[in-house]
Amino acid sequence: MTTALFIHGTGVREPGFSDVYGRFTAGLRDVAPGVRVSPYYWGAELGARLGAGGLSVPYTGGRSRGGLDEAAEPADETELWAGLYRDPLAELALAAAGGGGPGSGNGPGSGGGPGAELPPGAPLPAERPRALLAALDGQVAGIASAAGLPGPYLASAVTELSRSPLLGRAATALPDDGELARLLARALVAGALAALLAEDAPVVPDGAARDTAVAALAERMGARPEGSERGVGALLARPVLRIASHQAVRRRRALTEAAHPAAADIMLYLAHGEPLRQRLRELVKELEPPVVVIGHSLGGIIALDTLLTTPLPQVAQLITVGSQGPFLYESGALPGLVHPEPLPDHLPVWLNVYDPRDLLGYIGAPLFPGRVTDVEVDNRQPFPAAHSAYWANPAVYRAIAARLP
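Below you will find a few notes about this structure. Residues take numbers from 1 onward in each chain, read along the sequence in its written order. Since the coordinates come from a predicted model, pLDDT governs what is reported: local features require at least 70, and pairs of side-chain atoms require 80 or more to be given and counted, while whole-chain, interface and lining totals use all residues. With hydrogens and water set aside, each side-chain value is computed from the structure's full complement of heavy atoms.

## Comments concerning unusual backbone geometry
The general pattern is negative phi for most residues beyond glycine and trans for most peptide bonds. Looking along the chain, the bond that leaves Glu 14 and enters Pro 15 is cis, with omega of 5°. Only DSSP runs of H or I with at least four residues qualify as helices, and only runs of E with at least two residues qualify as strands; both kinds are numbered from the N terminus onward. By secondary structure assignment, the location of Pro 15 is in the loop between strand S1 (3-7) and helix H1 (16-31). Residue Pro 384 is reached from Phe 383 by a cis peptide bond, and omega for that bond is 10°. Structurally, Pro 384 is set in the loop between strand S8 (372-376) and helix H17 (385-388). With a phi close to 55°, Ser 297 is a non-glycine residue in the positive phi region. Mapped onto the elements, Ser 297 comes out in the loop between strand S5 (291-296) and helix H15 (298-309). Positive phi, close to 55°, is recorded for Arg 380, a residue that is not glycine.

Below, the structure is given as structure tokens:
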């Protein structure tokens, strides 16, 4: 009778392990009722933990390490800019949300709803911010160069912003041209930097260069220079956004404790993985063969690495699911095998299951022709949910059952 040894992935702790192991057991028995199932729960004893209780975290317990009350600190401008990088039109949308009523842009071409009226001969609200943007014609390249910003990205941001349906409502909410110009300038710089960040650029302008670009753009659009070079403005300083943007810093300990196991498990394994491999060897020797080792994510790396370095005749098959083993091998980061070394002859049959939408799932057949069988599944989830949805997908169990010894 075949024994299936299940190895969980990174960041899994109780009660999560019992949930995923219970799901795996039930799913496998539905398609292979004669298979024994056994767990390898390494997270409890061998997983990463904050050994000193989180002394490395700058903000804990509501007070910083320097003794300052976090709640009393002003909004972190860096965090507010992070919000703009995620959505360069965030300020514009806030302004638009507060700019209802007649003449607020609810007319043709302004992006508003039907029914609003404008005074006879009055320009559409969107024409005012577009006129400010038009003042940048011929100036974008010079401003970008002076601030160390990529000119094409800034020019593209101007084009995109001029088409935004939010302009009319935002203009109505901000009757002062100077304030509107600074809002537009921040949106432009945020848009340019967001595009730069999306391409994983090796060098990104610092905050001083960013503020210089905002000031130059705002001044060119008619804003007074005083104060335009600093701050993210009144809109992003509203209490609701201040709380939302500053929340990550104020709750850093809780966030660290929640996210720490997932990231630290990987780093711990790559630096000191032998205890996890040794425990797997011991478990395999305790089980009745033939043994099929099934590892998800980091569990697949542990399984592959162990079987690469140690011949285990009891193991008839290796199954990795949503795992990064092939990627680590190709990157030169897999402890047990360095590219371009071939797989050792003693490695058992290897089945690798992956979802193309799972950005943490990689394929092995192109690297090891004839030694790895890749099976594609569709968890019907976007990333990162796709990475955790394998054990709810019946196709995964069918793929495993079809190849069990």
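From this point, the narrative continues.
## Details of the side chain of Arg 210
When you line up the elements, Arg 210 lands in helix H10 (residues 207-220). On the accessibility criterion, Arg 210 (9% relative accessible area) is buried. Not counting chain neighbours up to four residues away, the residues in contact with Arg 210 comprise Glu 77, Trp 81, Tyr 85, Val 189 and Leu 193. The cut-offs for exposure are 20% and 50% of the maximum accessible area for each residue type, with area from a 1.4 Å probe on protein chains only; residues under the lower value are buried, those over the upper are exposed, and the others partly exposed. Any two residues having at least one pair of non-hydrogen atoms within 4.5 Å are treated as being in contact.

## Here's the deal with helix H14 (residues 274-286)
A helix's residues, less one, multiplied by 1.5 Å, set its expected span. Taking 1.5 Å of rise per residue, the 13 residues of H14 would be expected to cover 18 Å, and the 19 Å separating its terminal C-alpha atoms lies within 8% of that figure. What H14 keeps buried is the set Leu 276, Arg 277, Leu 280, Arg 281, Leu 283 and Val 284. Taken end-on, H14 shows its buried residues confined to a sector of 165°, consistent with a single buried face. Projecting away from the buried face of H14 at angles above 90 degrees are the exposed residues Lys 285 and Glu 286. Directions are taken from the helix axis to each C-beta atom, and the arc is the one they span.

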